[in-house]
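Understanding the architecture of this molecule
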Amino acid sequence: MNKLSNGEKIFNVFNYLFLSLLAFATLYPFWYVLVSSLSTGEAVSHGKVWLWPSGVNLESYKKVIHFEGLWLAYANTLFYTAVGTAVDLAFTTMGAYPLSKKRLLGRKPITLFITFAMLFGAGLIPVYLNFRNLGLIDTRLALIIGFAVSTFYVFILRSFFSSIPDELEEAARIDGAGGAQILLRIYLPLAKPAYAALGLFYAVGKWNGYFWAMVLLRDEDKIPLQVLLTKLVVQMRASDQMLGIQDVGSSMTPETVIYATIMVAVLPIIVIYPFIQKYFVQGVMIGSVKG
C-alpha cells in the first residue's frame, strides 16, 4: 500500500474540514428549525436556542395539528403529488417512446424544437395568459396538466428506451404484438428503474412546488400545503391573531408555530428520502451510457 505524501495528507485534512463545514452549513438551518419548534416561545424570542431545545414543549405542534385548513392543504398536496406524478410519467412516456425510434418521420426537427423549448422559456406573463385563455385559472387541472412534462426528463427516458435492443421489438412483432403491446409488455417493464427515478424527481417537485399554485389558485380549499406555509411565514409578523395565538404566555409564539408547521410539512420527505436516495443517484446515470 502506497503511503500518502505530505501534500496529499494536507489536502485530505483541508478537504475533510471543508466538507464538514459545508455539511454543517447545510444541516444546521434544518436542525435549528427542529429545536426551535420544540422550545418555548420565550427562549426562541430571546435567542436562547442554538443547538438544543430550551424548555421543551409541544404546544406549537398541538396548535399546528388543530390549525384550520392544514389537513385540507395536506390532502391537496398528496392529491397533486400522486395524480400529477402519474400524469407526468404518462406524458413523458408519450414523448420519449416515439422519439427513441429512428423511423419516426421528422424526428430531428421535433427533437430540435423540444430542445429549444427546454432552453428558452416564454416568461411568467405569457404563461399566465395562456392559463387564463384556456380557462384553467383556479382549477386543480392547472397544476396537474399545466406542468405535466419536463423536456429534460423526456430526453432521459428517450435515451433509456434507445438503449433497449431493437431485436426485442422485432421478435415481438413477429409474434404478432402491436405497438401498444410492445410498449406495455416490453419497454415499460424493462424501464422500471428509469420510471422509479423519474417518478421520484417528479414527486419531489410536485410536493415542494408552491409558486404556480400561489399564482393560479384562489380558492383556499384548493391550495397545497406549501402555499399555506408560505402565507403563514409572510403573515407571521403581521398579526398574531391570524394564527389564533392569544394569551398563551411564553410557551408558544408565531415563530415556534411556523417552525412546527415547517417540520410537519417536510416530515414525509424526511421519512421517505433515506429509502429512495439510491434512486436519485441512479437517475442521474440513466441514459448517460449506451452500448
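Conventions used here
- Residues numbered from 1 in each chain as written.
- Predicted model: local features only at pLDDT ≥ 70, side-chain atom pairs only at ≥ 80, totals over all residues.
- Heavy atoms only, no water.
- Helix = DSSP H or I, 4+ residues; strand = E, 2+ residues; numbered from the N terminus.
- Buried < 20%, exposed > 50% of the residue type's maximum accessible area, 1.4 Å probe, protein only.
- Contact = heavy atoms within 4.5 Å.
- Salt bridge = Lys/Arg side-chain N within 4 Å of Asp/Glu carboxyl O.
- Patch = residues over 30% accessible without salt bridge, like charges linked within 9 Å, V, L, I, M, F, W, Y side chains within 5 Å.
- Areas by Shrake-Rupley, 256 points an atom, 1.4 Å probe, with all protein chains shown as cover.
- Axes fitted to C-alpha atoms, helices over the stretch in contact; angles between N-to-C directions.
- Parallel < 35°, antiparallel > 145°, perpendicular 65-115°, else oblique.
- Left-handed = near helix turned anticlockwise from the far one by under 90°.
- Nonpolar A, V, L, I, M, F, W, Y, C, P; charged D, E, K, R; others polar.
- pLDDT = per-residue confidence, 0-100.
- Phe/Tyr/Trp six-rings, centres within 6.5 Å; stacked < 30°, edge-to-face > 60°.
- Expected span 1.5 Å × (residues − 1).
- Polar contact = N/O pair within 3.5 Å; in protein donor to acceptor, adjacent residues only side chain to side chain.

So, on to the overall build of the protein chain. The secondary structure content of the protein chain amounts to 14 helices and zero strands. Listing every helix and strand of the protein chain by position from the N terminus yields α-α-α-α-α-α-α-α-α-α-α-α-α-α. For the protein chain, with 291 residues in total, the buried portion stands at 35%. Considering only contacts in the protein chain between residues 6 or more positions apart, those separated by 24 or more positions represent 71%.

Under the definition given, this model contains five salt bridges. The closest approach of N and O atoms between Lys206 and Asp88, which form a salt bridge, is 3.6 Å. Of this pair, Lys206 sits in helix H11 (residues 192-208) while Asp88 sits in helix H4 (residues 70-99), placing them 118 residues apart in sequence. Both residues of the pair, Lys206 and Asp88, belong to the buried class. Taken together, the shared-partner salt bridges connect Lys101, Arg103, Glu169 and Arg173 into one network.

Right, let's talk about unusual backbone geometry for a bit. Phi angles above zero are rare outside glycine, and Asp138 is one such case at about 60°. Within the secondary structure, Asp138 sits in the loop between helix H6 (124-133) and helix H7 (140-145).

With that out of the way, let us pick up a nonpolar patch on the surface. Side chains of Phe30, Leu267, Ile270, Val271, Ile272 and Phe275 sit close together on the surface and give an oily, nonpolar patch of about 560 Å² of accessible area. Residue contributions to the nonpolar patch peak at five residues, all from helix H14 (residues 254-285). Here Val271 is to be found in helix H14.

It is the contact of H4 with H11, at a shortest axis distance of 9 Å, that shows an interaxial angle of 140°. In terms of their interaxial angle, H4 and H11 are classed as oblique. Here H4 and H11 pass one another in a crossing that is right-handed. Residues Tyr74, Thr77, Leu78, Tyr80, Thr81, Gly84, Thr85, Asp88, Leu89, Thr92 and Thr93 of H4 lie in contact with H11, whose contacting residues are Tyr195, Leu198, Gly199, Tyr202, Ala203, Lys206 and Trp207. Residues belonging to the contact of H4 with H11 are distributed by class as follows: nine nonpolar, seven polar and two charged.

Next up on the list: the confidence of the model for the protein chain. Summary statistics for the protein chain give a mean pLDDT of 82 and a share of 88% for residues scoring 70 or more. Of all helices and strands in the protein chain, the one with the weakest mean pLDDT is H14 (74), whereas H4 scores best (91).

Here we take up the packing of aromatic side chains. Evaluated as defined, the whole model comprises 18 aromatic pairs. Arranged with centres 5.9 Å apart and planes meeting at 65°, the rings of Tyr74 and Trp207 form a pair that is edge-to-face. Here Trp207 lies in helix H11 and Tyr74 lies in helix H4, a separation of 133 residues in the sequence. According to the relative accessible area criterion, Tyr74 is buried, its value standing at 11%.

What follows is about the packing of helix H5 (residues 107-119) against helix H8 (residues 151-162). At their nearest, the axes of H5 and H8 sit 9 Å apart, and the two run at 140° to each other. Between H5 and H8, the crossing angle belongs to the class labelled oblique. Two secondary-structure elements touch here, H5 through Thr111, Ile114, Thr115 and Met118 and H8 through Thr151, Phe152, Phe155 and Arg158. For the contact of H5 with H8, the per-class residue count stands at four nonpolar, three polar and one charged.

Taking 1.5 Å per residue as the helical rise, helix H1 (residues 6-37) with its 32 residues ought to reach 46 Å, and the 46 Å between its terminal C-alpha atoms agrees with that figure. All of the buried residues along H1 are Val33, Val35, Ser36 and Ser37.

Right, let's talk about the environment of Asp88 for a bit. Judged by relative accessible area, which is 0%, Asp88 ranks as buried. Residue contacts for Asp88: discarding those within four places in its chain leaves Ile144, Phe147, Ala148, Val149, Tyr202 and Lys206.

On to the side chain of Glu169. Mapped onto the fold, Glu169 is located in helix H9 (residues 166-174). What makes Glu169 buried here is its relative accessible area of 4%. Separated by 2.7 Å, the side chains of Glu169 and Lys101 make a polar contact. Every residue in contact with Glu169, bar those within four places of it in the chain, is listed here: Tyr97, Lys101, Arg103, Ile182 and Tyr187.

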